Amino acid sequence: MPNTEQTIVPTFAGGTLDRADQVRVSPDRLRAAMMNPRARLLKLDGLNPVFDAYGDLAWGAAFEASPDNDLLLLGIDEDIPYFAELNGAGDAGPAANRALWQTLGALPAEQAAIYATARSLVDWHARHKFCAQCGKPTGSRKGGWARLCDREQDGCGAEHFPRTDPVAIMLSECEGKVLLGRQPRFPPKSFSALAGFLEPGESIEGCVKRELFEEAGIHVHDVRYVASQPWPFPSSLMIACTSHTDDPTLTLDEEEIEEAAWFTLAEVKAAMAGDPDALFVAPPPFAIAHDLLKHWVDSKS
């Protein structure tokens, strides 16, 4: 009987900070947290992390923050509040690159999760300075976990909250083989699990079935959830699933998928092991596609 009991903690998913909602919603408690002499401030370079001499996330004292900047309460650990600056740090700048992702993947799980939270929220504030309902300027509220269109500034009073965009990322199995694809932007031989955004009014299972049919032309069943990963570029939730199909015939959406193929267990193992003679290059360890493939391999062991 295959062993499918696994604990999967993808990069960015290992958060341990108490997010302290009871502090966010209390102006007095939030003010006290900001004035705590032990409060820490995450250092950011735009949206990119700053590392200390040991390769960990760099921190300063919260009182070092600019008096003109709003603070984001990242959470509290052992009575120490952790913050990040909002104003001025949210310039989107160039897109994050693979080298940065790999560096983040090497961080301890709790540090990667802290950065993912900070990056997504700082970026969200930078992109949502005006009310989507009336167009008036908005201001940070609830320790950086909301924005308010202020009635005192002739606004409509609408409150806005950070959004997360769900993405299904999935494998399909047929006759002991697993389906992987390569988008045109991928390097040669780099194959990964297929993925797509959930649409309004759609379940996770429905998205998996739709995306695999749209991108690969296959009809799948037995959709199963495996794990999820916060992906802060800018703010998605990758929902990893497996499925099965009875017909391996592929019809590709060539605008989305340049190549796709069915790979055996041995071929996947070779790629995961970094074998130079492997038929494809596996997804890097910081991507949940890597965890998903490992889950599939382990389920066959």
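Preceding this paragraph is the structure being described.
These numbers come from a predicted model, not from an experiment.

Undergrad: Which parts of the structure should I look at to understand the environment of Asp154?
TA: Relative to the assigned elements, Asp154 resides in the loop between strand 8 (146-148) and strand 9 (159-160). Separated by 17 residues in the primary sequence, Asp154 and Pro137 have C-alpha atoms spaced 9.5 Å apart.

Undergrad: For this particular structure, what's the right way to read the packing of helix 6 (residues 265-272) against helix 7 (residues 288-299)?
TA: In a packed pair of helices, the relevant descriptors are the angle between the two axes and the axis-to-axis distance. Interhelical geometry of helix 6 versus helix 7 gives an angle of 135° and a closest axis separation of 10 Å. The pairing of helix 6 with helix 7 is recorded here as oblique in orientation. Once helix 6 is placed against helix 7, the crossing between them reads as left-handed. Between helix 6, through Leu265, Val268, Lys269 and Met272, and helix 7, the contact on the second element is made entirely by His290, Leu293, Lys294, Trp296 and Val297.

Undergrad: Any chance you could explain helix 4 (residues 109-127) here in plain terms?
TA: Every α-helical turn comprises 3.6 residues, leaving residues that sit three or four positions apart pointing alike. In a regular helix each residue adds 1.5 Å, so 19 residues correspond to 27 Å; helix 4 covers 27 Å between its end C-alpha atoms and thus fits that length. Burial of helix 4 is extensive: 15 of the 19 residues sit out of reach of the surface.

Undergrad: Is there a simple way to think about unusual backbone geometry in this case?
TA: Between Phe233 and Pro234 the backbone carries a cis peptide bond, its omega angle lying at 5°. When you line up the elements, Pro234 lands in the loop between strand 13 (220-231) and strand 14 (236-245). Despite not being glycine, Glu78 has its phi angle at roughly 50°, a positive value. Here Glu78 lies in the loop between strand 5 (71-77) and strand 6 (80-85). Taking the relative accessible area as the measure of exposure, Glu78 reaches 65% and is therefore exposed. Residues other than glycine seldom take positive phi values, yet Glu175 does so here, at roughly 55°. Relative to the elements of secondary structure, Glu175 occurs in the loop between strand 10 (165-174) and strand 11 (177-182).

Undergrad: I would appreciate a short explanation of the pairing of strand 5 in the present structure.
TA: Along a regular strand, successive side chains alternate from one face of the sheet to the other. Of all the seven residues making up strand 5, six are buried; the element is thus mostly covered by neighbouring parts of the structure. Relative to strand 6, strand 5 runs antiparallel, the two being bridged by six bridges. Bridge pairing links Leu71 to Glu85 in strand 6. The hairpin turn running from strand 5 into strand 6, its antiparallel successor, is two residues long, and Glu78 in that turn takes a positive phi close to 50°.

Undergrad: I tried to follow the sheet that holds strand 7 (residues 139-141) on my own but got confused; where do I start?
TA: Either a parallel or an antiparallel arrangement is found when strands of a sheet pair, and the pairing is made through backbone hydrogen bonds. The strand order across the open sheet built from three strands is 7-8-9, with neighbouring strands paired in antiparallel fashion. Only two strands of the sheet have a single neighbouring strand rather than two, namely strand 7 and strand 9. With three bridges connecting them, strand 7 and strand 8 associate as antiparallel partners. The residue bridging Ser140 from the neighbouring strand is Arg147, located in strand 8. Helix 4 contacts strand 7, strand 8 and strand 9 of the sheet and is inclined by roughly 20° relative to strand 8.

Undergrad: Hey, could you run me through the packing of aromatic side chains in this one?
TA: Between two aromatic rings, the relevant description is the distance of the centres plus the angle of the planes. Taken as a whole, this structure holds eight aromatic pairs when the rule is applied. Ring centres 6.4 Å apart and planes at 10° place the aromatic pair Trp231 and Phe286 in the stacked group. With Trp231 in strand 13 and Phe286 in the loop between helix 6 and helix 7, this residue pair connects regions lying 55 residues apart in the sequence. Here the guanidinium or amino end of Arg24 rests over the ring plane of Trp145, the centre of that ring lying 3.7 Å away.

Cut-offs applied
- Residues numbered from 1 in each chain as written.
- Predicted model: local features only at pLDDT ≥ 70, side-chain atom pairs only at ≥ 80, totals over all residues.
- Heavy atoms only, no water.
- Helix = DSSP H or I, 4+ residues; strand = E, 2+ residues; numbered from the N terminus.
- Axes fitted to C-alpha atoms, helices over the stretch in contact; angles between N-to-C directions.
- Parallel < 35°, antiparallel > 145°, perpendicular 65-115°, else oblique.
- Left-handed = near helix turned anticlockwise from the far one by under 90°.
- Contact = heavy atoms within 4.5 Å.
- Expected span 1.5 Å × (residues − 1).
- Buried < 20%, exposed > 50% of the residue type's maximum accessible area, 1.4 Å probe, protein only.
- Pairing = 2+ DSSP bridges.
- Phe/Tyr/Trp six-rings, centres within 6.5 Å; stacked < 30°, edge-to-face > 60°.
- Lys NZ or Arg CZ within 6 Å of the ring centre and 35° of its normal.

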